[in-house]
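# Coordinate inspection notes
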Amino acid sequence: MLRAKNITVKTADGRLILDDVSLTIKRKEITALVGPSGSGKTTLLKALCFLDYPNSGTVSLDTKSYDFPLNLEDEATQKPTPWPEVTAVFQQLFLWPHLTLRENILLPLKARLKDDSKKLNAELDELIKQFDMTYFIDRYPNQTSGGQRQRAAIARALILKPKYVLLDEITSALDVEQAAKVLKALALLKDNDIGVLLITHLINFAKTSADSVVFLDEGKVLAAGSTELITKPSHPRIKDFLSCAKAAS
Amino acid sequence: MNTLDILIKYHPAFLEGLKVTMQLSAIVWVTGLLLGTLLGIMGNKYPHEVGLPTRVLSFILGGIPILVFLFWLHYPVQFMLNVVIDPFYTAAFTFAIVNIFAVADIVRSALNDFPKQYITAAKVCGMGERQTFLSVQFPLIFREILPALLLLQVTMLHVTLFASLISVEEVFRIAQRINASIYKPVEIYTALGVLFLAISLPVNGFALWFKHKFTRDISES
């Protein structure tokens, strides 16, 4: 499992972004991370995939544990490089614009392509079918719609066979139909034995598809548990947030 | 005597001048592109130690007309140092300095402005630094800067005309000499224009071809 324990993140001027946050992501489960904008969700995601190191706390990936701040002067301490075991798909996708979607998906596997070309192409064909990408897979990112790019970005993460995928607001820029297609694709991640952390404002999706929910507010975990947290909210702050989300949807 | 007649009659002189112009340009292009790229990369990697001084020097150089810089290096500096340097080398050095800083500016800006998200995406996909540089950074940056670099090199070719003013026997000086003997300024400078077009057009054509073949609108809606 991917676990964050007592994570604290501060800005350079000392402002607290995450305050003693703990969270666990299990394989074959979708954990929904909900909360208002600016509550520290993306910061937590970046700490979990070791893109930004927290000021203090521990991040554990299965059997390996990293205590922060890292003591890099100690020769035994190594910088964590857990990718692509842990990978992420961001709101702004970051597909490489000079490559087609197919090339985007295959580029991270380039080193393996020489030996396993047949196998990898078969895997890609399978993904293309699963994600319904046949007719646009050879287009460049800017020749495709937001939903198509989103599916390609998820496919790029999935072909790497990660154990954990962290998804940051991946449906926020999509219309209802495209969002539904992407969310359908998420079920495939779970089926592939992958643990998913999903930052989302889609409360209904979190209610129906997530196995657990974490509510983050002002850098703190306000509540964590089953989906009852949002189906039968008891905390006034969560009730307030959900009523706003309902009004906006 | 028309332009064609002049080109035919004086072609040995023109070729000799063109040879000097091309030698000068080759030195300016090679040193500018190699050292400028290196300086740009270093300036991006060490923004305080290399980047800042380079930017300051580039800013100062940008404010000095090339002709003044050339004259300054040719007359007062050599007088102060009590040395006499072949004008060809003075011109090559002057234009190379200008080209190095201009190339460094283009390269450094492209590296600074490169969207870091593409590197983050490569990182979370498990790609190493080398693969990220070769497959993501380099192709994107190269496509972005190439048209500007080619345009700059064409400009540097045109700038070499200033070398005639410190007695370098390049093609413009040859044209001036021919004009002094037969006084046909329209035809002679048209011939000179034709020669420069013959060199510049392939470079501009290559830039256009490259842009058409390798660069696309990559902005996302």
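Before any of the text, the structure's been laid out above.
### Section: the packing of helix H4 (residues 146-158) of chain A against helix H5 (residues 176-191) of chain A
All names here are of chain A. Close contact between H4 and H5 brings their axes to 9 Å; oriented N to C, the two are set at 10°. Between H4 and H5, the angle is such that the two are roughly parallel. In this structure, H4 uses Gly147, Gln148, Gln150, Arg151, Ile154 and Leu158 to contact H5, whose residues at the interface are Gln178, Lys181, Val182, Leu186 and Leu189. Here the contact of H4 with H5 is composed, by residue class, of five nonpolar, four polar and two charged.

### A few points about the sheet that holds strand E1 (residues 2-10) of chain A
All names here are of chain A. With respect to topology, four strands assemble into an open sheet ordered E2-E1-E4-E5, the strand pairing being antiparallel. Edge positions in the sheet fall to strand E2 (16-25) and strand E5 (64-68), since each of these pairs with one other strand and no more. Between one strand axis and the next, the sheet turns through 15° on average, direction left out of account. Direction of pairing for E1 relative to strand E4 (residues 56-61): antiparallel, over a ladder of five bridges. By the bridge assignment for E4, arginine 3 is matched with serine 60.

### Some details on the pattern of salt bridges
Residue and element names in this part refer to chain A. Taken as a whole and assessed by the stated rule, the structure comprises 13 salt bridges over all chains. Note that lysine 163 is salt-bridged to aspartate 62, the shortest N-O span being 3.2 Å. In this pair, lysine 163 sits in the loop between H4 and strand E7 (164-168) while aspartate 62 sits in the loop between E4 and E5, placing the two residues 101 residues apart along the sequence. Relative accessible area serves as the criterion here: at 31%, aspartate 62 is assigned to the partly exposed category. Residues arginine 237 and aspartate 240 are paired through a salt bridge, measuring 3.7 Å at the closest nitrogen-oxygen approach. Here aspartate 240 and arginine 237 lie together in helix H8 (residues 236-248), a separation of three residues that amounts to about one turn. Classification of arginine 237 by relative accessible area gives partly exposed; the value is 26%. Here the salt bridges do not stand alone but share partners, grouping Asp62, Glu85 and Lys163 into one network.

### Some thoughts on the packing of aromatic side chains
All names here are of chain A. Counting across every chain of the model gives 13 aromatic pairs over all chains. Where tyrosine 135 meets phenylalanine 136, the ring centres are 5.5 Å apart and the plane angle is 90°; that geometry is what we call edge-to-face. Note on tyrosine 135: relative accessible area 55%, which makes it exposed. Taken together, Phe50, Tyr53, Tyr66 and Phe68 form an aromatic cluster joined through their ring pairs. Here arginine 156 stacks its cationic end above the ring of tryptophan 96, 4.3 Å away from the centre of that ring.

### Here's the deal with unusual backbone geometry
Trans is the prevailing form of peptide bonds, just as negative phi is the prevailing case for residues other than glycine. All names here are of chain A. Residue proline 69 is bonded to the preceding phenylalanine 68 through a cis peptide linkage, with omega at 0°. Phi is positive for aspartate 20, which is not a glycine, with a value near 60°. Structurally, aspartate 20 is set in strand E2. Phi at lysine 28 takes a positive value of approximately 65°, unusual for a residue other than glycine.

Rules behind the numbers
- Residues numbered from 1 in each chain as written.
- Chains lettered and ligands numbered in written order.
- Predicted model: local features only at pLDDT ≥ 70, side-chain atom pairs only at ≥ 80, totals over all residues.
- Heavy atoms only, no water.
- Axes fitted to C-alpha atoms, helices over the stretch in contact; angles between N-to-C directions.
- Helix = DSSP H or I, 4+ residues; strand = E, 2+ residues; numbered from the N terminus.
- Parallel < 35°, antiparallel > 145°, perpendicular 65-115°, else oblique.
- Contact = heavy atoms within 4.5 Å.
- Nonpolar A, V, L, I, M, F, W, Y, C, P; charged D, E, K, R; others polar.
- Pairing = 2+ DSSP bridges.
- Salt bridge = Lys/Arg side-chain N within 4 Å of Asp/Glu carboxyl O.
- Buried < 20%, exposed > 50% of the residue type's maximum accessible area, 1.4 Å probe, protein only.
- Phe/Tyr/Trp six-rings, centres within 6.5 Å; stacked < 30°, edge-to-face > 60°.
- Lys NZ or Arg CZ within 6 Å of the ring centre and 35° of its normal.

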